[in-house]
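# Observations on the model geometry
What follows is the residue order along each chain.
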Amino acid sequence: MSGQADATPTGPLRRVMRGRDPREGHRAATPLELLFDLTFVVAVSQAASQLHHALAEDHVGSGLAAYAAVFFAIWWAWMNFSWFASAYDTDDVPYRLLTLLQMAGVLVLASGVAAVFEEGDFTLVVVGYVVMRAAMVAQWLRAAIEHPEGRSGALRYAAGITVVQMFWVARLWAPDAWAWTTFLVLVAAELAVPAWAEYRGHPTSWHPGHIAERYSLFTIIVLGEVILGSLAAVRSAVADRGLSAPVLLIAIGGLLLVFALWWIYFTGNEAGLTTLRTALVWGYGHYVVFAALAAIGAGLEAALDAAEHHGHLSTRGAGLAVAVPVVIALLMLGALHRATRTGAVGHTLMVVAGALVVLALGFSAPALQIGGAVLGMGLAVAATLAANLFTIRHRSERR
């Protein structure tokens, strides 16, 4: 196993793909990975925007189902590339071109998000998703050819991904009555492929520090999209009726939520990502984290709509549109940090208590008014953060 991806060059434009050293020092995200992430921001933004529109029209059930489906396609394609790159990043011309193909695929996917929400039409989303996954198959086949030590696992990845993509395409012709059943079955199949390939084949040499950084960077990107979407909604509200007290309170509360959740996330580290089990728990659990964080932006926009008496969502519904994703993000972050022992949660009961307070504030939005409820949520999450930081510091001092 080579320490660097370019240790055995075969030419100026192409290098032999070898497994990276998982103990390699100073392993950081590459400029290509950062560009790759930015294309996914477009898809995340589209999903969150369409969720906001669904909430504003009080199409909560169908909107959440469409959002969960679309976000899975976005997250799963991003996650698979990130873990592959952690083990096999050669950064040569073939690697870059296949990555470019995946970036094109996510843009196709993003262009089909509206059709999923409005008509239940997954055609463009599936086309973009399959393009990304086909490029991923090509990467795994190259790894199988050029890295004999990891060939068994790479071939399992390629075979598993290929079979599942064939079924995704076939699903486009499935009867409407079977749409969600077949979707859930194929999601389960997608999730099973890495576990099967890693356990039955040669494990890939992913880098714990690199993986932790990649997830951290995507978290920042998702939170940035929340800020951007909320800012646009605030500007629209101010342009229509001036800066009102509810709009100001929602803006402050939203900023507190973003900052406190960011702080909670980044009090962890990669120390617990030492086994395949913890890696799968961490990697798969982030679907919920990323989806919940992005949904907070849609909830804040729905709250601003309610404050300005736009849309059809009730005040309580708008409060819950913010509270529910905050609660899910809090609880999942607590569970992940506990499961992987990254030390980011001082006490689980504090997280649960904070989540319950946020949920209660969501239900109390009619009494508190939407601005007061959102501000209260921000203060509740900030208090949860402070309590956990105090507990963590107290424990470290006792040691």
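Residues numbered from 1 in each chain as written. Predicted model: local features only at pLDDT ≥ 70, side-chain atom pairs only at ≥ 80, totals over all residues. Heavy atoms only, no water.

### So, the environment of Met-377
Stated precisely, the cut-off is as follows: Here a strand is any run of E in DSSP of at least two residues, a helix any run of H or I of at least four, and the numbering for each starts at the N terminus. Here a residue-residue contact requires only that any non-hydrogen atoms of the pair lie within 4.5 Å.
Turning to its location among the elements, Met-377 is positioned in helix α13 (residues 365–398). On a C-alpha basis, the gap between Met-377 and Leu-349 in space is 17 Å, while along the polypeptide they are 28 residues apart. Setting aside its immediate chain neighbours within four residues, Met-377 contacts Leu-257, Gly-319, Val-322, Ala-323, Val-358, Leu-361 and Gly-362.

### Here's the deal with the packing of helix α8 (residues 208–241) against helix α9 (residues 245–265)
Heads up, the condition is: Between N-to-C directions, angles span 0 to 180 degrees; the directions come from axes that are lines fitted to C-alpha atoms, helices contributing only their stretch in contact. An angle below 35 degrees is read as roughly parallel, one above 145 as roughly antiparallel, one from 65 to 115 as roughly perpendicular, and any other as oblique. Charged means Asp, Glu, Lys or Arg here, nonpolar means Ala, Val, Leu, Ile, Met, Phe, Trp, Tyr, Cys or Pro, and polar covers whatever is left, Gly included.
For the pair α8 and α9, the least separation of the axes is 11 Å and the interaxial angle reads 175°. One way to sum up the angle between α8 and α9 is to call them roughly antiparallel. Taken together, the residues of α9 that come into contact with α8 (itself represented by Tyr-215, Ser-216, Thr-219, Ile-220, Leu-223, Val-226, Ile-227, Val-234, Ala-237 and Val-238) are Val-247, Ala-251, Val-258, Trp-262 and Tyr-265. Here the residues of the contact of α8 with α9 are counted per class, giving 13 nonpolar, two polar and no charged.

### A few points about the packing of helix α6 (residues 151–171) against helix α7 (residues 179–200)
Contact pair α6 / α7: the axes reach a minimum separation of 8 Å and the direction vectors enclose 175°. With respect to α7, the axis of α6 lies roughly antiparallel. Class assignment of the residues belonging to the contact of α6 with α7 gives a composition of 15 nonpolar, four polar and five charged.

### Describing the pattern of salt bridges
Let me state the cut-off plainly: One speaks of a salt bridge when a side-chain nitrogen belonging to Lys or Arg is within 4 Å of a carboxyl oxygen belonging to Asp or Glu. Remark: exposure states derive from per-residue accessible area (1.4 Å probe, protein chains only) relative to the maximum for the residue type, with buried under 20%, exposed over 50%, and partly exposed in between.
Taken as a whole and judged by the stated rule, the model has six salt bridges. A salt bridge links Arg-96 to Asp-91; the nearest nitrogen and oxygen atoms lie 2.8 Å apart. Take Arg-96: its relative accessible area is 45%, and that puts it in the partly exposed class. Note that Arg-142 and Glu-146 form a salt bridge whose closest N and O atoms lie 3.3 Å from each other. You can see Arg-142 and its partner Glu-146 sitting in helix α5 (residues 123–146), four residues apart, about one turn around the helix. Each of Glu-33, Asp-37 and Arg-214 takes part in salt bridges that share partners, so that together they form one network.

### Some thoughts on helix α3 (residues 93–111)
Heads up, the condition is: Multiply 1.5 Å by the residue count of a helix minus one, and that product is the helix's expected span. Starting at the helix axis, one direction is taken to each C-beta atom, and the arc is that of these directions. Pairs of N or O atoms are called polar contacts if they sit within 3.5 Å, as long as, within protein, a hydrogen donor faces a hydrogen acceptor (for residues adjacent in sequence, only side-chain-to-side-chain pairs).
Between its first and last C-alpha, α3 extends 27 Å over 19 residues, near the 27 Å set by a 1.5 Å rise per residue. Residues Tyr-95, Leu-98, Thr-99, Gln-102, Met-103, Gly-105, Val-106, Leu-109 and Ala-110 constitute the buried set of α3. On an axial view of α3, the arc spanned by its buried residues comes to 155°, and they lie on one face. In the core, the buried residues of α3 are packed alongside α1 (31–56), α2 (60–88), α4 (113–119) and α5. At the N-terminal boundary of α3, the capping side chain belongs to Asp-92, with an oxygen 3.1 Å from the backbone nitrogen of Tyr-95.

### Observations regarding a nonpolar patch on the surface
Let me state the cut-off plainly: The patches described consist of residues with a relative accessible area above 30% and no salt bridge, like charges being joined within 9 Å and nonpolar side chains (Val, Leu, Ile, Met, Phe, Trp, Tyr) within 5 Å. Each accessible area is a Shrake-Rupley estimate made with a 1.4 Å probe; only the visible protein chains count as cover when residues are assessed.
A contiguous nonpolar surface patch, about 380 Å² in accessible area, is contributed by Leu-13, Val-93, Leu-97 and Leu-100. Tracing the sequence through the fold places Val-93 in helix α3. Of the residues examined, Val-93 reaches a relative accessible area of 36% and is grouped as partly exposed.

### Considering the confidence of the model for the protein chain
Under the convention used in this document: The predictor reports its confidence for every residue as pLDDT, a score running from 0 up to 100.
Mean pLDDT for the protein chain: 87, with 92% of residues reaching 70 or above. Every residue in residues 1–11 is under pLDDT 50, and counting partners more than four places away or in other chains gives 27 contacts.

### So, α9
With 21 residues, α9 should cover 30 Å at 1.5 Å per step; its first-to-last C-alpha distance of 30 Å lies within 8% of that length. Along α9, the positions that sit buried rather than exposed are Val-247, Ile-250, Gly-253, Gly-254, Leu-257, Val-258, Ala-260, Leu-261, Ile-264 and Tyr-265.

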